[in-house]
Amino acid sequence: MKQHTNTDFETRSLDAVCVNESQLTHKWYHNIKYLIVGVLFGIVFVKSEVVSWFRIQEMFRLQSFHMYGIIGSAIVVGMTSIWLIKKFQIKTIYGESIEFHPKTFNKGQIFGGLLFGFGWAITGACPGPLFAQIGTGATVISVTLLSAIAGTWVYGLLRDRLPH
């Protein structure tokens, strides 16, 4: 049986939700808006208790709907946003078109999802609120952050040998 080799586009599309590449270049201070949005997002995480280890444990023990409600709301907002972008062919604020490419399901997603879920349950942290947790003074989460970075690095090394 002949082994299929990924083209450059197929390989890159495995790495991201989208592979849009802007051709625009900006000065360094142009990215300050992302810092501001990140800080505001962190504040929302803290105020909504998404960064709370206790809330995360309640979720995994099926003791509270709080986190499921937040995650479900995020899914609905994301689905609605993508639908609106596709329906009205919304462009970026710089006028660039947004393209969505179809994804194929593979067994690696199941393994990755289980590994992600186990890590989330054990550490009480997922990648989204790691920095917000550290910002609240839970500096022990730095170990989780370094582990996530190391795991990403190891994945990059082993990627070609993993089930995709």
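Structure: above.
So, here's what we can say about the structure. (Residues numbered from 1 in each chain as written. Predicted model: local features only at pLDDT ≥ 70, side-chain atom pairs only at ≥ 80, totals over all residues. Heavy atoms only, no water.)

**Focus on the nonpolar core**
A general trend in soluble globular proteins is that nonpolar side chains are found buried together.
(1) Moving on: In terms of nonpolar packing, the biggest core is built from 9 residues, these being Phe45, Val50, Val51, Ile56, Met59, Met67, Trp120, Cys126 and Ala132.
(2) Moving on: What Met59 contacts, discounting residues up to four positions off in sequence, is Ser64, Met67, Tyr68, Ile71 and Trp120. (Core = buried A, V, L, I, M, F, W, Y, C linked by side-chain atoms within 4.5 Å. Buried < 20%, exposed > 50% of the residue type's maximum accessible area, 1.4 Å probe, protein only. Contact = heavy atoms within 4.5 Å.)

**Structural notes on the environment of Ile70**
(1) Moving on: Examined against the element boundaries, Ile70 turns out to sit in helix 4 (residues 66–88).
(2) Moving on: For Ile70, the residues in contact, after removing those within four places along its chain, are Ser48 and Val50. (Helix = DSSP H or I, 4+ residues; strand = E, 2+ residues; numbered from the N terminus.)

**So, helix 7 (residues 141–158)**
(1) Moving on: Between the first and last C-alpha of helix 7 there are 25 Å, a value that for 18 residues agrees with the 26 Å anticipated at 1.5 Å per step.
(2) Moving on: Inspection of helix 7 places Ile141, Thr144 and Leu145 among the buried residues, and these make up the whole buried set. What you see down the axis of helix 7 is that its buried residues fit within an arc of 105°, all on one side. Exposed residues on helix 7 whose side chains face more than 90 degrees from its buried face are Val143, Leu146, Ile149, Trp153 and Leu157.
(3) Moving on: For helix 7, the secondary structure elements touched by its buried residues are helix 5 (107–123) and helix 6 (130–135). (Expected span 1.5 Å × (residues − 1). Arc of directions from axis to C-beta.)

**Description of the pattern of salt bridges**
(1) Moving on: Tallying each qualifying case throughout the model produces 2 salt bridges.
(2) Moving on: Between Arg55 and Glu49 there is a salt bridge, and its shortest N-O distance comes to 2.6 Å.
(3) Moving on: Residues joined by salt bridges that share partners form a network here, namely Glu49, Arg55 and Glu58. (Salt bridge = Lys/Arg side-chain N within 4 Å of Asp/Glu carboxyl O.)

**Structural notes on the packing of aromatic side chains**
Aromatic ring pairs are reported here in terms of the distance separating the ring centres and the angle at which the planes meet.
(1) Moving on: Under the criterion given, the structure shown has 5 aromatic pairs.
(2) Moving on: An angle of 85° between the planes, with centres 5.3 Å apart, marks the rings of Phe60 and Trp120 as edge-to-face. With a gap of 60 residues between them, Phe60 in helix 3 (residues 53–60) and Trp120 in helix 5 connect regions that are remote in the sequence.
(3) Moving on: The exposure class assigned to Phe60 is partly exposed, which follows from its relative accessible area of 33%.
(4) Moving on: In this structure, Lys86 packs its charged tip against the face of Phe100, placed 5.3 Å from the ring centre.
(5) Moving on: Sitting over the face of the ring of Phe88, Lys87 holds its NZ or CZ atom 5.8 Å from the ring centroid. (Phe/Tyr/Trp six-rings, centres within 6.5 Å; stacked < 30°, edge-to-face > 60°. Lys NZ or Arg CZ within 6 Å of the ring centre and 35° of its normal.)

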